[in-house]
Amino acid sequence: MDASLLLAVLSGALVALLLTLFGGGGSVLATPLLLYVVGVRDAHVAIGTSAAAVAVNAAAGLAAQAKAGRVKWPCALTFGAPGLVGSLVGAQLAKTLPGAQLLAWFALAMAVVGLSMFRAPRSPGDPDVRIDPAKAARLVPVGAATGLAAGFFGIGGGFLIAPGLMAATGMTLANAAASSLVSVALFGAATSVSYAASGLVDGRLFLALVAGGAVGVLVGARLAPRLTGRVLLARRLFAAMVVVTSAYVFWKALGA
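Presented here is a report on the structure given in the accompanying data block. All figures in this text were calculated on a predicted structure; none of them were measured in a lab.

**Focus: the packing of aromatic side chains**
Alright, step 1. Taken as a whole and judged by the stated rule, the model has 3 aromatic pairs.
Alright, step 2. Ring centres of tyrosine 36 and tyrosine 248 lie 5.3 Å apart, and the angle between their planes is 85°; on these two criteria the pair is classed as edge-to-face. Taken together, the positions of tyrosine 36 in helix H2 (residues 30–38) and tyrosine 248 in helix H10 (residues 231–255) put the pair 212 residues apart, joining distant regions of the chain.
Alright, step 3. Owing to a relative accessible area of 29%, tyrosine 36 belongs among the partly exposed residues under this scheme.
Alright, step 4. Using a relative accessible area of 37% as the deciding quantity, one classes tyrosine 248 as partly exposed.
Alright, step 5. When the ring of tyrosine 248 is compared with that of tryptophan 251, the centres are 5.9 Å apart and the planes differ by 45°; the resulting orientation is tilted. With a gap of 3 residues between them, tyrosine 248 and tryptophan 251 both fall in helix H10, about one helical turn apart.
Alright, step 6. Given the relative accessible area of 57%, tryptophan 251 is considered exposed.
Alright, step 7. Among the aromatic residues, those joined into a ring-pair cluster are Tyr36, Tyr248 and Trp251.

Put into structure tokens, the structure is as follows:
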């Protein structure tokens, strides 16, 4: 196997492992791994390819969550539909920026992701939440703004989507995490389609990331029970790694 493909498989496994263990925030490492480990030279190709892989991983996770009955479909779709439009606009804007400038903005987004993960997640909420006009009025603008950010930065956006769903509807953390996968899949797909239309998705690396992701999910599912009681500490260690990586990406962007 080509060395770059092997590194892409390992990168996909690592991203999926972190996503499985910690949820939102894991996918933000996909682009730096493609750039600085796999060796992709074009920032736009790295973002477009990682967005495609994130969409596939999110869709697989969504299928499992839907089977378990945790997805609040009316709320998730009301959030995701305007976000889909926002993600297409964000991706189009990002493609107009030079690679180094886009990476600098991406590094700032990474820092926000990492810092947000230091906060202990809230668990209270209404497990029987239902959509109504008031909730819809809150979900639509938040969804559009989140989609815009996800498309611009080429990230899944789960770290923004789950809190947004909780704040707008009052649903539980478990329901929000499951329902957020609807938007992560939609935003990732829209972003990657936009980039693919411009020839900015590497099909071979995409397949390698997805193949590695399947392994990462299986390993993460086995490791998750062992983190019981230490999830918050592990999550904060991972958050620190994301913040350090963001500083490295920013430094490289300035150097370019």
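Continuing now.
**Considering the packing of H2 against helix H5 (residues 99–116)**
Alright, step 1. Across the interface, H2 lies against H5 with an axial gap of 11 Å and an inter-helix angle of 130°. As the angle between them shows, H2 and H5 are arranged oblique. For the crossing formed where H2 meets H5, the hand is left-handed. Contacts from Thr31, Pro32, Leu35 and Tyr36 of H2 reach H5 at Leu103, Phe106 and Met110.
Alright, step 2. Split into classes, the residues belonging to the contact of H2 with H5 amount to 6 nonpolar, 1 polar and no charged.

**A look at the packing of H2 against helix H3 (residues 43–67)**
Alright, step 1. Remark: H2 packs on H3, axes separated minimally by 8 Å, with the N-to-C direction vectors making an angle of 135°. Between H2 and H3, the crossing angle belongs to the class labelled oblique. The two elements H2 and H3 cross, and the hand of that crossing is right-handed. Residue-level inspection shows Ala30, Thr31, Leu34 and Leu35 of H2 in contact with H3, the latter providing Ala43, Ala46, Ile47, Thr49 and Ser50.

**Side note on the layout of surface pockets**
Alright, step 1. Volume-wise, the second largest pocket comes out at about 200 Å³.
Alright, step 2. For the lining of the second largest pocket, the leading source of residues is H5, giving 3 residues.
Alright, step 3. For the lining of the second largest pocket, a count of residues per class yields 8 nonpolar, 2 polar and 2 charged.

**Considering the nonpolar core**
Alright, step 1. Residues Val28 and Leu29 are the most contacted members of the largest nonpolar core, which totals 43 residues.
Alright, step 2. When residues of this core are traced back to their parent elements, those giving at least two are helix H1 (3–22), H2, H3, helix H4 (73–95), H5, helix H6 (133–153), helix H9 (203–223) and H10.
Alright, step 3. By residue number, the principal contributor to this core is H5, which donates 8 residues.
Alright, step 4. Leaving out residues up to four positions away in the same chain, valine 28 has contacts with Phe106, Met110, Val113, Ile155 and Val242.
Alright, step 5. Formed by 23 residues, the second largest nonpolar core is a distinct cluster that contains Ala76, Ala168, Ala178 and Val184.

**A short note on H9**
Alright, step 1. For H9, built from 21 residues, the straight-helix expectation of 30 Å at 1.5 Å per residue is met to within 8% by its first-to-last C-alpha distance of 30 Å.
Alright, step 2. Every buried residue of H9 is accounted for by Leu205, Ala208, Leu209, Gly212, Gly213, Gly216 and Gly220. On an axial view of H9, the arc spanned by its buried residues comes to 145°, and they lie on one face. In this structure, H9 carries Leu207, Leu218 and Arg222 as exposed residues pointing more than 90 degrees from its buried face.
Alright, step 3. The distance from a side-chain oxygen at the start of H9 to the backbone nitrogen of arginine 204 is 3.1 Å, and the residue carrying that oxygen is aspartate 202.

**Considerations on the pattern of salt bridges**
Opposite charge on two side chains makes pairing possible when the charged atoms of those side chains draw close.
Alright, step 1. Summed over all chains, the structure comprises 1 salt bridge.
Alright, step 2. Between lysine 135 and aspartate 132 there is a salt bridge, and its shortest N-O distance comes to 3.0 Å.
Alright, step 3. Note on lysine 135: relative accessible area 14%, which makes it buried.
Alright, step 4. What makes aspartate 132 partly exposed here is its relative accessible area of 29%.

**Let's talk about a nonpolar patch on the surface**
Alright, step 1. A surface patch of nonpolar side chains, about 320 Å² in accessible area, is lined by Leu6, Leu7, Leu10 and Val37.
Alright, step 2. Counting residues per element, the nonpolar patch draws most heavily on H1, at 3 residues.
Alright, step 3. A relative accessible area of 40% means that valine 37 is categorised as partly exposed.

Rules behind the numbers
Residues numbered from 1 in each chain as written. Predicted model: local features only at pLDDT ≥ 70, side-chain atom pairs only at ≥ 80, totals over all residues. Heavy atoms only, no water. Phe/Tyr/Trp six-rings, centres within 6.5 Å; stacked < 30°, edge-to-face > 60°. Helix = DSSP H or I, 4+ residues; strand = E, 2+ residues; numbered from the N terminus. Buried < 20%, exposed > 50% of the residue type's maximum accessible area, 1.4 Å probe, protein only. Axes fitted to C-alpha atoms, helices over the stretch in contact; angles between N-to-C directions. Parallel < 35°, antiparallel > 145°, perpendicular 65-115°, else oblique. Left-handed = near helix turned anticlockwise from the far one by under 90°. Contact = heavy atoms within 4.5 Å. Nonpolar A, V, L, I, M, F, W, Y, C, P; charged D, E, K, R; others polar. 1 Å grid on protein atoms, 1.4 Å probe; cavity = no way out; pocket = protein on both sides within 12 Å on 5 of 7 lines; lining within 4 Å. Points joined across faces, edges and corners; volume = space filled by probe spheres on them. Core = buried A, V, L, I, M, F, W, Y, C linked by side-chain atoms within 4.5 Å. Expected span 1.5 Å × (residues − 1). Arc of directions from axis to C-beta. Polar contact = N/O pair within 3.5 Å; in protein donor to acceptor, adjacent residues only side chain to side chain. Salt bridge = Lys/Arg side-chain N within 4 Å of Asp/Glu carboxyl O. Patch = residues over 30% accessible without salt bridge, like charges linked within 9 Å, V, L, I, M, F, W, Y side chains within 5 Å. Areas by Shrake-Rupley, 256 points an atom, 1.4 Å probe, with all protein chains shown as cover.

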